[in-house]
Amino acid sequence: MLKPDPIKSAAMTADVDGRLRAALTYLVSDVIGQPDAATDLSHAPAAHALQAQMREAAVNDDIDGIIALYREHGAVLKRPLPDERCALVTWGADTFTDSERTLLKTAYQDDIGLTGSLVAPDPSLEAQLRTSYATLRTVLPDTVPLWWAEIEALVSTVILASSGTEGKSFGGATTFAAWGAILINPVGQSDPLRLALALVHESSHQKLFYAHLDDEVVLNDPEEKFSSPLRREPRPMDGIYHAAFVLARMVQFLHDLTGAPGALDALGTGIRDEAEHLLAQNIQAFDAGHAEIAAHARLTELGQQIIDEAAACVAACKIHQGQSA
């Protein structure tokens, strides 16, 4: 789970898409009696988002709600994925249909209101990010090919957006309810290194979401709150666990990137100092999160395996970092 594995990650996406098609076929054909519509169903992110809402209605035995969702948004079930993996798109009316925007916005609603309102990003920052993205698409496949191949396996669409709520901001967002799509805010992440880390960060959440499909991973009561390495306010253990896993993955990525000949030079001048600073910062944040997990988490066997692997990888990176200092 911790290290990049594009073959296993592609299998994850195929499995999730297969489960989506099975669920949608049942809902559309059997539950609301539209068998002719249950062919060639999309597995685009908005289709995942529609299924999530229909499933919630089904759990509440709200058949009328499922019918209403299908009538209003059913057209997204025929919308194709972009022609290329990791397609870079901008949030706005020209990018998505009304239904897609509504469904994706609901899917990305977070617990503290950072993504409650989405708008197109500042054009100058978007232009800078697109230039950086083009650099990554050239550099990463040559220098850290497993990482780039895994990101492509997990991510169909990278959506550029900023917060439309005054005083609120976010770096990125990922949700299982919109599998395949990740949100990236160009603010603070438009240079190649920060953008690469944002892609690793958000795709790492997807890997862990997959682990949750058939395993609880974290058994703590969601109402219990603990100290978080990335947020000022206390968080449930599941959030701290996700943060620790993501941090460990960013540590491993930075370790691999700094060790790949020519990689940092290809990303721009003066990058090495920043990369090493971010590596040390992420190690420190992981250690803080891991300490909370070790002290307070109740994990399944799989959950323990994943965090043990994460801790071992970070420890190995620390040793290498110390030898290189």
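Structure: see above.
Residues numbered from 1 in each chain as written. Predicted model: local features only at pLDDT ≥ 70, side-chain atom pairs only at ≥ 80, totals over all residues. Heavy atoms only, no water.

## Quick word on the overall build of the protein
A count of helical and extended segments in the protein gives 11 helices and 6 strands. Whereas a compact globule of 325 residues would reach a radius of gyration of roughly 20 Å, the protein reaches 20 Å, a difference of no more than 12%. Considering only C-alpha atoms, the protein reaches an extent of 65 × 45 × 40 Å along its principal axes. Burial statistics for the protein: of 325 residues in total, 50% are counted as buried. The long-range share in the protein, meaning contacts at least 24 apart out of those at least 6 apart in sequence, stands at 76%. For the protein, the exposed area adds up to about 14700 Å²; of that, 50% sits on carbon and sulfur atoms. Averaging the positions of the 24 positive and the 44 negative side-chain charges in the protein gives two centres separated by 1 Å. (Helix = DSSP H or I, 4+ residues; strand = E, 2+ residues; numbered from the N terminus. Rg over C-alpha atoms; globule rule 2.2 N^0.38 Å. Buried < 20%, exposed > 50% of the residue type's maximum accessible area, 1.4 Å probe, protein only. Contact = heavy atoms within 4.5 Å. Areas by Shrake-Rupley, 256 points an atom, 1.4 Å probe, with all protein chains shown as cover. Lys, Arg positive; Asp, Glu negative; His and termini not counted. Charge placed at Lys NZ, Arg CZ, Asp CG, Glu CD.)

## Quick word on the environment of valine 16
If you trace the backbone, valine 16 turns up in helix H1 (residues 6-31). Classification of valine 16 as buried rests on a relative accessible area of 3%. Residues valine 16 and proline 35, spaced 19 residues apart in sequence, show a C-alpha to C-alpha distance of 22 Å. Beyond its immediate stretch of four places on either side in the chain, valine 16 contacts His48, Phe176, Trp179, Tyr210 and Leu213.

## Quick word on the nonpolar core
One finds Val158, Leu199, Tyr241, Phe253, Leu257 and Phe286 to be the most contacted residues of the largest nonpolar core, which totals 67 residues. It is helix H8 (residues 237-259) that provides the largest number of residues to this core, a total of 13 residues. Those residues within four positions of phenylalanine 253 in sequence are excluded, and the remaining contacts are Leu140, Val144, Trp147, Ala196, Leu197 and Val200. Counting residues in each nonpolar core, the second largest holds 35 residues, with Val28, Ile32, Met54 and Phe170 among its members. (Core = buried A, V, L, I, M, F, W, Y, C linked by side-chain atoms within 4.5 Å.)

## A look at the sheet that holds strand S3 (residues 157-160)
Strand pairing in a sheet relies on backbone hydrogen bonds, with the paired strands running either antiparallel or parallel. Spatial strand order, S1-S3-S6-S5: 4 strands in an open sheet with mixed pairing. Both outer strands of the open sheet, strand S1 (87-90) and strand S5 (172-174), are each paired with one neighbouring strand and no more. Pairs of neighbouring strands in the sheet enclose a mean axial angle of 25°, with direction left out of account. Both S5 and strand S6 (residues 181-184) contribute to a ladder of 3 bridges, which runs antiparallel. Paired with glycine 172 across the two strands is isoleucine 184, which belongs to S6. (Pairing = 2+ DSSP bridges. Axes fitted to C-alpha atoms, helices over the stretch in contact; angles between N-to-C directions.)

## A look at the packing of aromatic side chains
By the definition in use, this model includes 4 aromatic pairs. Ring geometry for phenylalanine 176 versus tryptophan 179: centroids 5.8 Å apart, planes at 70°, classification edge-to-face. (Phe/Tyr/Trp six-rings, centres within 6.5 Å; stacked < 30°, edge-to-face > 60°.)

## A few points about helix H3 (residues 63-73)
Among all positions in H3, only Gly65, Ile66, Leu69, Tyr70 and His73 are buried. In a view along the axis of H3, the buried residues occupy a sector of 135°, so they form one face of it. Facing away from the buried side of H3, by more than 90 degrees, are the exposed residues Asp64, Arg71 and Glu72. Considering only its buried residues, H3 is in contact with H1, helix H2 (45-59) and helix H4 (98-107). (Arc of directions from axis to C-beta.)

## Considering the state of the cysteines
Overall, the coordinates contain 0 disulfides when judged by the stated rule. Cysteine cysteine 317 shares no disulfide, and the gap to the nearest cysteine sulfur, in cysteine 313, comes to 6.7 Å. (Disulfide = S-S within 2.5 Å.)

## What to know about the pattern of salt bridges
Across all of its chains, the model carries 12 salt bridges by this definition. Ionic pairing is found between glutamate 150 and arginine 249, a salt bridge with its closest N-O pair at 2.6 Å. Here the residue glutamate 150 occupies a position in helix H6 (residues 145-154), and arginine 249 occupies one in helix H8, the gap between them amounting to 99 residues. This pair shows no difference in class: glutamate 150 is buried, exactly as arginine 249 is. (Salt bridge = Lys/Arg side-chain N within 4 Å of Asp/Glu carboxyl O.)

## Looking at the packing of H1 against H6
Interhelical geometry of H1 versus H6 gives an angle of 5° and a closest axis separation of 8 Å. Overall, the two elements H1 and H6 adopt an arrangement that is roughly parallel. Across from Pro6, Ser9, Ala10, Met12 and Thr13 in H1, the residues of H6 making contact are Leu146, Ala149, Glu150, Ala153 and Leu154. For the contact of H1 with H6, a count of residues per class yields 7 nonpolar, 2 polar and 1 charged. (Parallel < 35°, antiparallel > 145°, perpendicular 65-115°, else oblique. Nonpolar A, V, L, I, M, F, W, Y, C, P; charged D, E, K, R; others polar.)

## Some thoughts on the side chain of lysine 207
If you trace the backbone, lysine 207 turns up in helix H7 (residues 192-211). Beyond its immediate chain neighbours, meaning those up to four positions away, lysine 207 contacts Met1, Lys3, Asp5, Ser9, Met12, Glu150, Leu154, Phe245 and Arg249.

## Structural notes on the packing of H6 against H7
Here H6 crosses H7 at 55°, and the two axes come no closer than 10 Å. Looking at the two axes, H6 sits oblique to H7. Crossing angle aside, the handedness with which H6 passes H7 is left-handed. Contact residues: H6 offers Trp147, Trp148, Glu150, Ile151 and Leu154, while H7 offers Leu199, Val200, Ser203, Gln206 and Lys207. Of the residues contributing to the contact of H6 with H7, the split by class is 6 nonpolar, 2 polar and 2 charged. (Left-handed = near helix turned anticlockwise from the far one by under 90°.)

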